[in-house]
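Observations on the three-dimensional arrangement
In case you want the letters, here they are:
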Amino acid sequence: RGWKWLLQYGLSYQYWKPYTGYSEKENRLVFTVGNPTAFSIGRYLGDPKDTDDKGRPMRKWFMWGDGHRYVEVLGNSKTSPCVVLVEDLISAHKVSQVATCIPLFGTTIHDVVINKLLKEFNDRPVLLWLDADQYSLLAKKVHKLSTFIKWPVRYIHTTKDPKEYSLDEISTLLRNE
């Protein structure tokens, strides 16, 4: 079930195999982040109506470790014309096939991400590509980030999550921004 969910986004089993495991106890597809592993994050595969032992809905994503002290940079950072910030790890892996990508593991742009941009990507165009439900917050986030890094930040607004686009579509969207 986990592989079926993951492979729908167009990257192969061979691609994902080094990063992916499964927790039977948690019923989660688990992804390692970093090399060596800085933390892990798991996607719940059960029924969305399931609850934990305290009666709370099961969280879609669960993180083991502190994902906000480490910045995962995916893709070839030397040749990419831009840096793309996305919400989730799956989208980041997909977009990184076309451009350098950093997953935010949410919608907040933490200090470690800002510091990474300043140190390693100085003056490289930054694109913020959040999911459609975050569109109302984009202008504020773009302005805040550009104030911190001191160069323009643009955003991509699409109706689908980045991981749901083909690599050709991602290339076109990034080229048009």
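Read on for an overview of the structure.

1. Some details on the overall build of the protein
Regarding its fold elements, the protein presents 6 helices and 8 strands. For the protein, the C-alpha radius of gyration of 16 Å lies close to 16 Å, the compact-globule estimate for 177 residues. Here the C-alpha coordinates of the protein stretch approximately 45 × 35 × 35 Å along the principal axes. Put simply, the protein has 177 residues, and 45% of those count as buried. Contacts spanning at least 24 positions in sequence make up 56% of the contacts within the protein whose residues lie at least 6 apart. Taken as a whole, the protein presents about 9,900 Å² of accessible surface, with 49% of it coming from carbon and sulfur.

2. Focus on the sheet that holds strand β8 (residues 153-155)
Spatially, 4 strands are ordered β6-β5-β7-β8 in an open sheet, and the strand pairing comes out parallel. The sheet terminates laterally at β6 (100-103) and β8, the two strands that pair on one side only. The mean angle between the axes of side-by-side strands here comes to 25°, regardless of whether they run parallel or antiparallel. Contacts from helix α5 (residues 135-149) reach β5 (83-86), β7 (126-129) and β8, with the element oriented near 165° to β8.

3. Examining the pattern of salt bridges
Oppositely charged side chains can form a pair if their charged atoms are brought close together. Per the stated rule, a full pass over the model turns up 6 salt bridges. Between Arg 28 and Glu 26 there is a salt bridge; the shortest N-O distance is 3.6 Å. A salt bridge links Asp 161 to Lys 163, with the shortest nitrogen-to-oxygen separation between them at 3.2 Å. For the pair Asp 161 and Lys 163, a shared accessibility class is recorded, and that class is buried.

4. Examining the packing of helix α4 (residues 111-120) against α5
Running from amino to carboxyl end, α4 crosses α5 at an angle of 50°, the nearest separation of the two axes being 10 Å. Considering the angle they form, α4 stands oblique to α5. The two elements α4 and α5 meet at a crossing, and its hand is right-handed. Of the residues in α5, those in contact with Ile 114, Leu 117 and Leu 118 of α4 are Leu 145, Phe 148 and Ile 149. Of the residues that constitute the contact of α4 with α5, the class distribution is 6 nonpolar, no polar and no charged.

5. What about α5?
In this model α5 runs 21 Å from its N-terminal to its C-terminal C-alpha over 15 residues, within 8% of the 21 Å that 1.5 Å per residue would give. Those residues of α5 not exposed but buried are Leu 138, Lys 141, Val 142, Leu 145, Ser 146 and Ile 149. Packed against the buried residues of α5 are β5, α4, β7 and β8. Two residues or fewer after α5 comes Lys 150, characterised by a positive phi angle close to 70°.

6. What about α4?
Here α4 has its buried residues at Val 113, Ile 114 and Leu 117. End-on, the buried residues of α4 take up no more than an arc of 100°, which puts them together on one face. What points out from α4, more than 90 degrees from its buried face, is the exposed set Asp 111 and Lys 119. Buried residues along α4 sit in contact with β5, β6, β7 and α5.

7. Re the environment of Arg 154
Assignment of secondary structure puts Arg 154 in strand β8. The partly exposed category is assigned to Arg 154, whose relative accessible area is 35%. As for Arg 154 and Pro 125, which are separated by 29 residues in sequence, their C-alpha atoms are 7.8 Å apart.

8. Quick notes on the sheet that holds strand β4 (residues 61-64)
The sheet built from 4 strands is open, its strands ordered β1-β2-β3-β4 with antiparallel pairing. Strands with a single pairing partner mark the edges of an open sheet, and in this sheet they are β1 (20-23) and β4. Here the average twist between neighbouring strands, direction ignored, is 30°. With 4 bridges joining them, strand β3 (residues 39-44) and β4 adopt antiparallel strand pairing. Within the sheet, the bridge partner assigned to Ser 40 lies in β4 and is Trp 64.

Calculation rules
- Residues numbered from 1 in each chain as written.
- Predicted model: local features only at pLDDT ≥ 70, side-chain atom pairs only at ≥ 80, totals over all residues.
- Heavy atoms only, no water.
- Helix = DSSP H or I, 4+ residues; strand = E, 2+ residues; numbered from the N terminus.
- Rg over C-alpha atoms; globule rule 2.2 N^0.38 Å.
- Buried < 20%, exposed > 50% of the residue type's maximum accessible area, 1.4 Å probe, protein only.
- Contact = heavy atoms within 4.5 Å.
- Areas by Shrake-Rupley, 256 points an atom, 1.4 Å probe, with all protein chains shown as cover.
- Pairing = 2+ DSSP bridges.
- Axes fitted to C-alpha atoms, helices over the stretch in contact; angles between N-to-C directions.
- Salt bridge = Lys/Arg side-chain N within 4 Å of Asp/Glu carboxyl O.
- Parallel < 35°, antiparallel > 145°, perpendicular 65-115°, else oblique.
- Left-handed = near helix turned anticlockwise from the far one by under 90°.
- Nonpolar A, V, L, I, M, F, W, Y, C, P; charged D, E, K, R; others polar.
- Expected span 1.5 Å × (residues − 1).
- Arc of directions from axis to C-beta.

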